Amino acid sequence: MPRSKKGKRGSSKTGSLRQEVLQLQLSAKASLKGIKNGVKGESGASDDELTSDILSHCSSASESTSLLEEGTGGEQVDEQTAQEETEDKLKQCIDNLMDKSTKTRLAGLESLRQAFCSRVLYDFLTERRLTISDCLERSLKKGSAEEQAAAATLFTLLCIQLGGGDEAEEGFKLLRPIFTAILIDNSASIAARQSCARALGLCCYVSTAEEGEDLIKSLALLESVFMSSYPNRDGTLPIPKPGSPGLHSAALQAWSLLVTLCPTSRLTVLLDLHLPKLQACLQSSDVNYRIAVGETIALLVELGRDLDEEFEVEDNEGLSQCLKSLATDGNKHRAKNDRRKQRSIFREVLHYIENEDFTEEKIRFGVESVYIDSWMRRRIYDAFKEILESGVRHHLQFNPLLRDIFGLGPPLILDATVKGNKISRFEKHLFNSAAFKARTKQRNKVRDKRADVM
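Just so we're clear, the structure is a prediction, and the values are computed from it rather than from any experiment.

Looking now at the overall build of the protein. Each helix and strand counted, the protein has 19 helices and two strands in total. Counting over 454 residues, the protein shows a buried share of 45%. Within the protein, residue pairs in contact and separated by at least 24 positions form 71% of the contacts whose partners lie at least 6 positions apart. Accessible surface, the protein: about 23,800 Å² in total, of which carbon and sulfur atoms supply 50%.

Next up, the structure:
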């Protein structure tokens, strides 16, 4: 897009200079004609001197025009050179993943993570996906805790870059057993286990596989992690081990993302099993886990209401009282920021449970926008935002996978006329909602195909 704008500006400048040259040439002819008619002016300059001065001015203007014309082509050369330099740097980062030095490998993983977040590199990565996958497999099997966490994150980004197609599915089937082994290994680092939980959730979500085998295995595995936070038989919550609330949050959020893909029969079972247990987890001592539990409860209730308009939580009154308490929590022993964040989230959850009222959020990127108008849509957006960070808007604008998930259609090709004809906010909202519903129906068809497997 920027290149086309510069090209238009360059061409307009070139055109104006050409007009100036033509005008100067016409004035030169007029001056020469006047001189021949005896109208030389008061300077008394000769015909040759006047002609020389005028043509010299015309010549300098013509040189400026030719330089601008060269500059327009130069921009294309510069852009191509910059692209080649970027690819050379990425190739070097990939080479660094095979280095003997842990420090060098970690630097390569971090550089690639930043590049994958900020750019869409499908063409470049398609040719090198096997090499990168092999390097990440080695890091996951033999690397340090920090390297394992970084490798799991980078593979998730690789799947997003590849668009969740056959290439991504092939890589996920290869690395899923390794993610599983690290996630259930109590001796592994919490950071590595969290990254593997997120990788299982997102990579399974973007996979194009229509069979439900990967989905049901990933759901069961993630359940086994966060269910250890469920209350004991006597109703008391277990004392959390250091770092476990963060791991439980990552597993629960990855699980709730995959729940949005479940067929009706499976979803009904999950609602009956998990809603009462999750309600008890709202009393957790960790604020971030409480928030993750609250958002998951809201999502499950929304999915239940989609199945049955009369759906209600078993202990609806008890849930409302608990949510009200958390929405107005003023305990001084909790950090001020934690209290503010908790109150904000649980006010939203409470409003939805009681009134089915959802606070809509508008995400802008370029001249487009996406409306987050449901708990399911928020869970999906938050999952991509967590992994892509500030690059999520760039991917919404250019990554076909994210545009497909959010019903945005192919990436836009913008010019000045498009900017001048923006549609209204209400029209955008209707379009986004309709597109997302259409995609949901499409995914429901896949759910039906998976139902038999489950």
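Structurally, H248 is set in helix α10 (residues 244-259). Of the residues examined, H248 reaches a relative accessible area of 9% and is grouped as buried. Within the structure, the side chain of H248 is placed 3.0 Å from the side chain of S228, a separation counted as a polar contact.

A few words now on helix α12 (residues 287-307). Its 21 residues give α12 an end-to-end C-alpha distance of 31 Å, which sits within 8% of 30 Å, the value for a rise of 1.5 Å per residue. One side-chain oxygen of the residue at the start of α12 lies 3.2 Å from the amide nitrogen of N288, identifying that residue as D286.

Under the defined criterion, the tally for this structure stands at six aromatic pairs. Note on F155 and F179: the rings are 5.9 Å apart at their centroids and 50° apart in plane angle, and the pair reads as tilted. Here the residue F155 occupies a position in helix α6 (residues 145-161), and F179 occupies one in helix α7 (residues 166-183), the gap between them amounting to 24 residues. The exposure class of F155 is buried, given its relative accessible area of 1%. Overall, F179 belongs to the buried group, its relative accessible area being 0%. Taking NZ or CZ as reference, R305 lies 5.0 Å from the ring centre of Y352, over its face. The lysine or arginine in question, R378, covers the ring of W375, its NZ or CZ lying 4.9 Å from the ring centre.

We now examine the pattern of salt bridges. Counted according to the given criterion, the structure contains 14 salt bridges. We note a salt bridge from E348 to R378, for which the minimum N-O separation is 2.9 Å. One end of the pair, E348, is in helix α14 (residues 336-355); the other, R378, is in helix α15 (residues 375-388), and 30 residues separate them in sequence. On the basis of relative accessible area, R378 is assigned to the buried category, the value being 10%. Connected via shared salt-bridge partners are E110, R113 and E389.

Once that is clear, we can look at the environment of A335. Checked against the element boundaries, A335 lands in the loop between α13 (316-327) and α14. On the basis of relative accessibility, which here comes to 40%, the residue A335 falls in the partly exposed class.

On to α15, then. Counted at 1.5 Å a residue, the expected span for α15 with its 14 residues is 20 Å, and the 20 Å between its end C-alpha atoms agrees. Taken across its 14 residues, α15 has eleven buried, putting it largely inside the fold. Among the residues of α15, W375, M376, R377, R378, R379, I380, Y381, A383, F384, I387 and L388 are the ones counted as buried. Of the residues one or two after α15, E389 is the one with positive phi, at around 55°.

Calculation criteria
Residues numbered from 1 in each chain as written. Predicted model: local features only at pLDDT ≥ 70, side-chain atom pairs only at ≥ 80, totals over all residues. Heavy atoms only, no water. Helix = DSSP H or I, 4+ residues; strand = E, 2+ residues; numbered from the N terminus. Buried < 20%, exposed > 50% of the residue type's maximum accessible area, 1.4 Å probe, protein only. Contact = heavy atoms within 4.5 Å. Areas by Shrake-Rupley, 256 points an atom, 1.4 Å probe, with all protein chains shown as cover. Polar contact = N/O pair within 3.5 Å; in protein donor to acceptor, adjacent residues only side chain to side chain. Expected span 1.5 Å × (residues − 1). Phe/Tyr/Trp six-rings, centres within 6.5 Å; stacked < 30°, edge-to-face > 60°. Lys NZ or Arg CZ within 6 Å of the ring centre and 35° of its normal. Salt bridge = Lys/Arg side-chain N within 4 Å of Asp/Glu carboxyl O.

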